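Descriptive analysis of the structure
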Amino acid sequence: MIYPMNVNRLRPPAHSLNLEIWGGIECTVNRVNDQYQDQVKRSGHHNRIEDIDCIADLGISVLRYPVLWERTAPEHPEHLDWRWADERLNRLRDVAIRPIVGLVHHGCGPHYATFDSPAFAPELARYARRVAERYPWVMDYTPVNEPLTTARFAGLYGHWYPHSRSDKGFVRLLLRQVQATIQAMAQIRIVQPGARLIQTDDLSYVHSTPGVRYQADFENERRFLTWDLLCGYVTPDHALWNYLLESGATEAELRAFVENPCPPSVIGANHYVTSERFLDEYTAGYPDWIRSTNGTHEYVDTEVVRAAPEQRLGIGKLLMQVWERYKLPIVVTEAHLGDCVEEQKRWLGEVWQQSQEAKLAGADVQAVTIWALFGLYDWHCLLTRQENHYEPGAFNVSSGRAIPTDLVEMIVQLAKGRPADELIPSGEGWWQMEQESLQLIS
C-alpha cells in the first residue's frame, strides 16, 4: 500500500520549517570475494584529524561517524584497537559535534563473525556493548547502516560477499542484520538507557509499465522491510509475510520481531537520484546489462529520471509516505549527487526544499544530512571494483588534503538559516522535470 499525502493539515508556524543540517562521512568497509576496501582510508580521512575542524567550521553539530567493527577488531573479538576512535570521538566532543556512531556500514562483519553465520548478531551486540562502555556519553547509534540495501547487494544481486543471488539469501541476510541491530541496541541501552537508534535505509520508489506492475508493487512493499521489522509490523497480515516464510524465514523468528520491537528513535532516509526506479517490460533498445528477470518476465530496471522522468515523485512525497506509515521523526541521512558542484547545489537545494515541504504538510522531518563530506570512491560500480573513480563532496580530497569546494558556502549559509532558493544556481538540474506540485496547502 502506498500511504497518500494528507493535505488537510493546518499550516504550522514559519519557525517550525527550520531544518537542522547534519553531516556524514562515507565510511563503507565492504567485502568482495576475499578483498575488503575501506572508504575512510581511501579518502585519507583516516590520517587527517584536522578534518573534524573543517566540519565544525561548516556549522554542523551532528555527524554520522564510524566506529566500525571491522576497523576496531578486524582479527579477533578480544583484540580491539581503540586508538583511532578515541582520538576522533574526543575531538568531536572538543568541537561540540554530536556523533551518531555507526558500527557496521555496508559491511559483512569481520571474518570471524560474518553476517552469513549465526555468530554475527551476538558478536556485534558484544562489540556494541564495549563501544557504549568506552564512550558512555554517546547517545545516538546506527548499529547497521542500510540493512535492506546491503542484503539486496550481497544476498540478492551477488555484488558483495557472500555473493548470493536468491530470495533466501536476501531474506537471511536482512533478518540477521535486523536481529543484530535489536541485540546491539539492547546491549547499548544497558550502559546508556537513553541511547537512540537512528536507523537508515534507502528511501526508494519503483515505477513501471503495466505488465510488470506486480513486480513494482512487490518492491514498493519490500523497501520498508527494515523499518517494518524493527517496528513489529511484520505480522501474518503483512503483504510480505508469506514471501518471507517461503524465502526461509521461520514463523518463530518473525513473531520475535513483533513481540520484541525496537522502533527507531529517528528514521534515516537515504535518497539519491537513482533511488526512484523504472521497470520497463519493453526491453528493445536497452543495453543487455540493465535487463533483469524475476523468473516470469524479463524487464529493464533503470532510473526513472532517465526512462520516465514525468513520473518522478521526488523526496518530498516519499518522506510523506514514510511519515504516514510510521509517524516517527525523520531525517534525510544521506544527500549526495556525483556531479559538478553546480548540480550538487541544485540537488541539495531540491532535497532541502522538498524536506521543508513535507514538514509543512505535517511530517516530523528534522534535518538534512550533507553526506560524503569528503567524497567517495568507486560507487559508480557499487564498490565491486577498485578503479579510483572519485566523486568530491563538500571537500575535494584528491590532492591528499581536504580542499573546500563551492558547496561549502551553501552549507554554511543553510546552517545559518538562509533560504535555499537564494543559494541554488539558476537553471534546472539535468534530472529535473515538471513535477506535480505537492499541493500542500489549498
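Here's a quick rundown of the structure.

1. Topic: the packing of helix α13 (residues 315-326) against helix α14 (residues 341-360)
In the contact formed by α13 and α14, the axes pass within 8 Å of each other and the chain directions differ by 40°. With respect to α14, the axis of α13 lies oblique. Two packed elements cross with a definite hand, and for α13 against α14 that hand is right-handed. Counted together, I315, G316, L319 and M320 of α13 and V351, Q354, S355 and A358 of α14 form the full contact between these two elements.

2. With respect to the environment of A85
The topology assignment puts A85 in helix α4 (residues 83-94). With 14 residues separating them in the primary sequence, A85 and R71 have C-alpha atoms 9.6 Å apart. Among all residues touching A85, those that are not within four sequence positions of it are V67, N90 and Y135.

3. Let's talk about the pattern of salt bridges
Scanning the model with the defined rule gives 31 salt bridges in all. Here D86 makes a salt bridge to R134, at a shortest N to O gap of 2.8 Å. On the criterion of sequence distance, the pair formed by D86 in helix α4 and R134 in helix α5 (residues 120-134) is long-range, its members being 48 residues apart. Classification of R134 by relative accessible area gives partly exposed; the value is 39%. A salt bridge links E324 to K327; the nearest nitrogen and oxygen atoms lie 3.1 Å apart. By relative accessible area, which is 41% here, K327 ends up partly exposed. Residues joined by salt bridges that share partners form a network here, namely E78, E123, R126 and R130.

4. Let's talk about the sheet that holds strand β6 (residues 140-145)
Pairing between the strands of a sheet is mediated by backbone hydrogen bonds and can be parallel or antiparallel. One closed barrel holds the 8 strands; their spatial order is β1-β4-β5-β6-β7-β9-β13-β14, and the pairing between them is parallel. Sheet twist, expressed as the average angle between the axes of neighbouring strands with direction ignored, equals 25°. Helix α7 (residues 167-191) contacts β6 and β7 (196-202) of the sheet and is inclined by roughly 155° relative to β6.

5. Thoughts on the packing of aromatic side chains
This structure, assessed with the given rule, holds 18 aromatic pairs. Taking 6.1 Å as the distance between ring centres and 5° as the angle between the ring planes, the aromatic pair formed by W82 and Y127 counts as stacked. You can see W82 sitting in the loop between α3 (69-72) and α4 and its partner Y127 sitting in helix α5, a full 45 residues away along the chain. Among the residues examined, Y127 registers a relative accessible area of 4% and is labelled buried. Note on F153 and W160: the rings are 5.1 Å apart at their centroids and 85° apart in plane angle, and the pair reads as edge-to-face. We classify F153 as buried; its relative accessible area is 10%. When its relative accessible area of 1% is taken as the criterion, W160 is described as buried. Among the aromatic residues, those joined into a cluster by ring pairs are W69, W82, Y112, F115, F120, Y127 and Y135. Positioned over the ring face of F374 is R48, at 6.0 Å from the centre of the ring.

6. Some words on the side chain of R64
Structurally, the position occupied by R64 is in strand β4 (residues 62-66). Among the polar contacts listed, one links the side chain of R64 to the side chain of N145, at a separation of 2.9 Å. Here E334 takes part through its side chain, which lies 3.2 Å from a polar atom of the side chain of R64.

Calculation criteria
Residues numbered from 1 in each chain as written. Predicted model: local features only at pLDDT ≥ 70, side-chain atom pairs only at ≥ 80, totals over all residues. Heavy atoms only, no water. Axes fitted to C-alpha atoms, helices over the stretch in contact; angles between N-to-C directions. Helix = DSSP H or I, 4+ residues; strand = E, 2+ residues; numbered from the N terminus. Parallel < 35°, antiparallel > 145°, perpendicular 65-115°, else oblique. Left-handed = near helix turned anticlockwise from the far one by under 90°. Contact = heavy atoms within 4.5 Å. Salt bridge = Lys/Arg side-chain N within 4 Å of Asp/Glu carboxyl O. Buried < 20%, exposed > 50% of the residue type's maximum accessible area, 1.4 Å probe, protein only. Pairing = 2+ DSSP bridges. Phe/Tyr/Trp six-rings, centres within 6.5 Å; stacked < 30°, edge-to-face > 60°. Lys NZ or Arg CZ within 6 Å of the ring centre and 35° of its normal. Polar contact = N/O pair within 3.5 Å; in protein donor to acceptor, adjacent residues only side chain to side chain.

These results come straight from atomic positions and should not be treated as a statement about function.
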